[in-house]
Amino acid sequence: MPFVDALKAAALQLIILHHLAFYGPMSDHAYALTPALFSWLSQDARSAVQLFLVIAGFLAAQSLAPAGTLRAPQPLLLLKKRYLKLVMPYLAAVLIGIVCAAIARSLMVHESIPGPPTLPQFIAHALLLQGVLGYEGLSAGAWYVAIDFQLFALLLGTLWLARGSVGGGARIAVVGVVLVATLALASLYHFNRHSEWDVWALYFFGAYALGALTYWSTNPQRAAGWLLLIFAAVAAALLFDYRSRIAVALFAALALGLARRNGFLESWPRSRVIAYLAQISYSVFLIHFPICLLVNGLFARFASTDPWVNMAGVITAWLASLAAGGLLYRLVESPSQRLFQRPRAAAGPHPDALSHAAADNAK
């Protein structure tokens, strides 16, 4: 799906640049060159994560329940496989991040550098429970991996509950969609409005479910009115309590819905570069923050404070993050993905807005 790839690739670049702008010291020195750009990147570009959430929900619906009925005969096995596929490259990136942070601490003093990890903290990260247990993240993107797993588990559990609650195929689909929509509304009108919930899936489920509901509402047999109804409900939530992150999620869902309705989701834009950036996006997401820390430390120790020199450092860190992500994908993520390949009829592919090309995840 080239259109999905393009959204993922663009969102990922914004996330990398957001972290480079938000965490100095290179951006602090380069700020004088383009203050408006750095201000926007440091504050507003973080909303790009909403694209990942919506895409993840969209692809999860396609993979798990394209007609609204859960296809997987063994949900727990599917959840275990999902966990392992996420965690293997994630733990490799965490270990690399620990080393990069240690080097960065020797080069500079900066609040963005995580402290030396404790064993309980590392175990919490391995179990994707660091946020729930109150541990400091060992990398800027660690929270997303934990939330992604929670969201997948919540959607899977909701669809499984719908399948077990009624007997007929069509009725199961209706119940599943209604349950997902109900949780989405609870998220949008309550949980997402209170930051103390931001370590739990319910805080983010509104955006994630918006992607899933967009997929179901754009099935060829569905009337376009269903898509309009979803957008009206989200727009009402924004009128009730405006949040820019939800507005971005609504935009992303609208883009996906129109792309699928108009037939260019799987045909535009055709680009090998975009497809590759989407394919390695999960690995880049995992590794970019440690690489940015390392480059920041090197420039802080050995380069001058000249704005142009530090702008070159920002660009160097950006490109180095992409290169490191490509290596992590080739050496860790891709081999680990092959370990979990199964016949598609058994459980279906696994959605992951960050981890793999759409053709592999299907996603």
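Residues numbered from 1 in each chain as written. Predicted model: local features only at pLDDT ≥ 70, side-chain atom pairs only at ≥ 80, totals over all residues. Heavy atoms only, no water.

Some thoughts on the overall build of the protein chain
Counting its regular elements, the protein chain contains 17 helices and zero strands. Overall, the protein chain is about 70 × 40 × 40 Å in size when its C-alpha atoms are taken along their principal axes. Across the 363 residues that make up the protein chain, the buried fraction comes to 53%. Sequence-distant contacts, at least 24 apart, represent 76% of the contacts inside the protein chain between residues at least 6 apart. Only carbon and sulfur atoms are counted for the fraction: they give 69% of the accessible area of the protein chain, which is about 15,400 Å². Between the centroid of the 24 positive side chains of the protein chain and the centroid of its 14 negative side chains there is a distance of 14 Å. (Helix = DSSP H or I, 4+ residues; strand = E, 2+ residues; numbered from the N terminus. Buried < 20%, exposed > 50% of the residue type's maximum accessible area, 1.4 Å probe, protein only. Contact = heavy atoms within 4.5 Å. Areas by Shrake-Rupley, 256 points an atom, 1.4 Å probe, with all protein chains shown as cover. Lys, Arg positive; Asp, Glu negative; His and termini not counted. Charge placed at Lys NZ, Arg CZ, Asp CG, Glu CD.)

Some words on the packing of aromatic side chains
All told, the structure shown has 16 aromatic pairs when counted by the stated rule. Measuring from ring centre to ring centre gives 6.3 Å for Phe52 and Phe285, while their planes differ by 70°; the resulting arrangement is edge-to-face. One end of the pair, Phe52, is in helix H4 (residues 49-64); the other, Phe285, is in helix H14 (residues 281-302), and 233 residues separate them in sequence. Here the two residues Phe52 and Phe285 agree in accessibility, since each one is buried. If you follow Arg82 out to its NZ or CZ, it ends over the ring of Phe152, 4.8 Å from the centre. The ring of Tyr215 carries the charged tip of Arg260 above its face, separated from the ring centre by 3.9 Å. (Phe/Tyr/Trp six-rings, centres within 6.5 Å; stacked < 30°, edge-to-face > 60°. Lys NZ or Arg CZ within 6 Å of the ring centre and 35° of its normal.)

Some remarks on the state of the cysteines
Applying the stated criterion across every chain yields a total of zero disulfides. Cysteine Cys100 shares no disulfide, and the gap to the nearest cysteine sulfur, in Cys292, comes to 10 Å. Its relative accessible area of 5% is what places Cys292 among the buried residues. (Disulfide = S-S within 2.5 Å.)

A short note on the packing of helix H11 (residues 225-240) against helix H12 (residues 244-261)
Their axes nearest at 10 Å, the elements H11 and H12 cross at an angle of 170°. Comparing the axis directions of H11 and H12 gives the class roughly antiparallel. For the pair H11 and H12, the contacting residues are Leu227, Phe231, Val234 and Leu238 in the first and Ile246, Ala247, Leu250, Ala253, Leu254 and Gly257 in the second. Of the residues that constitute the contact of H11 with H12, the class distribution is nine nonpolar, one polar and no charged. (Axes fitted to C-alpha atoms, helices over the stretch in contact; angles between N-to-C directions. Parallel < 35°, antiparallel > 145°, perpendicular 65-115°, else oblique. Nonpolar A, V, L, I, M, F, W, Y, C, P; charged D, E, K, R; others polar.)

Observations regarding the pattern of salt bridges
A complete count under the given rule lists two salt bridges for this structure. Where Arg82 meets Asp148, a salt bridge forms, and the shortest distance between an N and an O atom there is 2.6 Å. Taken together, the residues span a long stretch of sequence, with Arg82 in helix H5 (residues 75-107) and Asp148 in helix H8 (residues 142-165) at a distance of 66 residues. Classification of Asp148 by relative accessible area gives buried; the value is 3%. The closest approach of N and O atoms between Arg193 and Asp241, which form a salt bridge, is 2.8 Å. In this pair, Arg193 is assigned in the loop between helix H9 (169-189) and helix H10 (201-217) and Asp241 in the loop between H11 and H12, connecting sequence segments 48 residues apart. (Salt bridge = Lys/Arg side-chain N within 4 Å of Asp/Glu carboxyl O.)

What about the nonpolar core?
The nonpolar side chains of a soluble globular protein tend to be buried with one another. Grouped together as the largest cluster of nonpolar side chains are 101 residues, with contacts concentrated most on Leu155, Trp216 and Leu256. Contact partners of Trp216, with chain neighbours within four places excluded, come to Ala61, Ala65, Pro66, Ala67, Gly68, Leu155, Leu159, Val177, Val180 and Arg222. In this structure, Ala101, Ile113, Ala140 and Leu293 belong to the second largest nonpolar core, which totals seven residues. (Core = buried A, V, L, I, M, F, W, Y, C linked by side-chain atoms within 4.5 Å.)

A look at H10
Over its 17 residues, H10 extends 23 Å from the first C-alpha to the last, a length consistent with the 24 Å expected when each residue adds 1.5 Å. When the local axis directions of H10 are compared, the greatest deviation, roughly 35°, occurs at Ala207. (Expected span 1.5 Å × (residues − 1). Bend = angle between axes of the 7 residues up to and from the residue.)

Some points on the confidence of the model for the protein chain
Looking at the protein chain as a whole, its pLDDT mean stands at 88, while 91% of the residues score no less than 70. Of the regions scoring below 50 in pLDDT, residues 343-353 engages in 44 contacts with residues more than four places distant in sequence or in other chains. (pLDDT = per-residue confidence, 0-100.)

What about a nonpolar patch on the surface?
A grouping of Leu119, Ile123, Leu127, Leu129, Val132, Leu133, Tyr135 and Trp200 is seen on the molecular surface, where their side chains present a nonpolar patch of about 720 Å² in accessible area. Counting residues per element, the ones that place at least two in the nonpolar patch are helix H6 (119-126) and helix H7 (130-133). Turning to its location among the elements, Leu133 is positioned in helix H7. Given a relative accessible area of 52%, Leu133 falls into the exposed group. (Patch = residues over 30% accessible without salt bridge, like charges linked within 9 Å, V, L, I, M, F, W, Y side chains within 5 Å.)

Let's talk about the environment of Gly134
Tracing the backbone shows Gly134 in the loop between H7 and H8. A relative accessible area of 63% means that Gly134 is categorised as exposed. On a C-alpha basis, the gap between Gly134 and Tyr329 in space is 29 Å, while along the polypeptide they are 195 residues apart.

A look at the packing of H4 against H12
At a minimum axis separation of 8 Å, H4 and H12 run at an interaxial angle of 45°. In this view, H4 runs oblique relative to H12, as classed from their interaxial angle. Where H4 crosses over H12, the two elements pack in a sense that is right-handed. On H12, the residues that touch Gln50, Leu51, Val54, Ile55 and Phe58 of H4 are Arg245, Val248, Ala249, Ala252, Ala253, Leu256 and Arg260. The residue inventory of the contact of H4 with H12, partitioned by class, reads nine nonpolar, one polar and two charged. (Left-handed = near helix turned anticlockwise from the far one by under 90°.)

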